[in-house]
Amino acid sequence: MAAFAHSAPCWVDVQLSDLEAGKRFYGGLFGWSFRADDGMPFADALSEGRLVAGLAAKKDGRLPTAWGVSFATDDVRATVAAIREHGGQVITDPVRAGRAAVTAQAADPGGAVFGLWQPVDRAGFEKQNEPGSFCWTEVYTRQPERVDPFYEQVFGFRSTDPDDPNDPGDPGGADDPGDPGGADDPDGAGGAGEGVPGRSATRVGFRLWSPRGTEPGPDTAVGGRSVITDALPAVMPSHFLTYFAVGDCDAAAELAVRLGGRISAEPFDIPYGRMAVLHDDQGAVFAVLQPGRSLR
């Protein structure tokens, strides 16, 4: 079991109203296969036989339809204590998730929700930065002055503020176009209103996160923080956006539409390659990235 560095994104999952429909959508889009025990309300997603994500049926229809990201921790109870100490909110106290891990759910001081993952038998996903797998995450917030010290204290992130908003370490870039996503969601699907700033709202204040013990910068970054500007809808809350690598961004966006999803931000070029922001057929929002060069 390959271990993830403390604070590294190590698992992603999506909460859906219709689990079987979700399997059809993501199986068709990314070529995932699924593994689940009969009658269980969740399924592991695999790409080329390697774990990449989880799909779960929502226990409560009032919960958002959304992708979530979990960060690795060596000691989930200590991390929960640090979250409380530094102004975050613990939503779900540590609980054993079968044989996989001890997990918890929390929110940062700005309200963005994330998970904690202390591995037991499962380190996390087994494939990343390759087509059909996780490749990046970033939090969007209106309160960077509160959120930045929170992540630095809780996870030990070493931060870098690129001088150029088009810095290669910034998968979103400064010219992210299109609908920010979620604001016109018919049932609040996507929950957090995930998306990217439009051209009229040039992205400012982007920050890269590198794990403790590394030299901070684009080469070691595992995620980032972006600021939600006043040009975006006031109803858009803080949130994390999850990115998946694909071989062809335009083809992936077109396929998502054929599968019943929709495009929130049309494919566009960034320093890392080409990306788009999509909604699945139930409204969960995610990004796809066709790398133009190595992600690390």
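Residues numbered from 1 in each chain as written. Predicted model: local features only at pLDDT ≥ 70, side-chain atom pairs only at ≥ 80, totals over all residues. Heavy atoms only, no water.

Undergrad: What am I meant to see in the pairing of strand E14 (residues 262-270) here?
TA: Side chains on a regular strand alternate between the two faces of the sheet. Examined bridge by bridge, E14 and strand E15 (residues 273-279) share six bridges and lie antiparallel to one another. Residue pairing across strands places Arg 262 opposite His 279, the latter belonging to E15. (Pairing = 2+ DSSP bridges. Helix = DSSP H or I, 4+ residues; strand = E, 2+ residues; numbered from the N terminus.)

Undergrad: Explanation requested: the sheet that holds strand E5 (residues 66-72) in the structure shown.
TA: To summarise the sheet geometry, strands pair through backbone hydrogen bonds and adopt either a parallel or an antiparallel arrangement. Taken together, the eight strands give an open sheet; going across it, the order is E2-E3-E4-E1-E5-E8-E7-E6, and neighbouring strands pair in mixed fashion. Each edge of the open sheet carries a strand with a single partner, namely strand E2 (33-35) and strand E6 (89-97). Looking at each pair of strands side by side, their axes are set apart by 30° on average, direction ignored. In terms of strand pairing, strand E1 (residues 9-16) meets strand E4 (residues 50-57) through four bridges, oriented parallel. (Axes fitted to C-alpha atoms, helices over the stretch in contact; angles between N-to-C directions.)

Undergrad: When you look at the packing of helix H2 (residues 76-85) against helix H3 (residues 144-155) in this model, what are you seeing that I'm missing?
TA: In a packed pair of helices, the relevant descriptors are the angle between the two axes and the axis-to-axis distance. Contact geometry of H2 with H3 gives a least axis separation of 9 Å together with a crossing angle of 155°. The orientation of H2 with respect to H3, classified from their angle, is roughly antiparallel. The way H2 lies across H3 gives a crossing that is right-handed. Facing Thr 79, Ala 82 and Ile 83 of H2, the residues of H3 in contact are Phe 150, Val 154 and Phe 155. For the contact of H2 with H3, the class distribution of residues is five nonpolar, one polar and no charged. (Parallel < 35°, antiparallel > 145°, perpendicular 65-115°, else oblique. Left-handed = near helix turned anticlockwise from the far one by under 90°. Contact = heavy atoms within 4.5 Å. Nonpolar A, V, L, I, M, F, W, Y, C, P; charged D, E, K, R; others polar.)

Undergrad: Can you help me understand the environment of Ala 107 in this one?
TA: Tracing the chain through its elements places Ala 107 in strand E7 (residues 101-107). On the basis of relative accessibility, which here comes to 5%, the residue Ala 107 falls in the buried class. For the pair Ala 107 and Arg 84, spaced 23 residues apart in sequence, the C-alpha to C-alpha distance is 9.8 Å. If near-sequence neighbours (up to four positions away) are discounted, Ala 107 is found in contact with Ile 83, Gly 88, Gln 89, Ile 91, Ala 112, Val 113, Phe 114 and Phe 150. (Buried < 20%, exposed > 50% of the residue type's maximum accessible area, 1.4 Å probe, protein only.)

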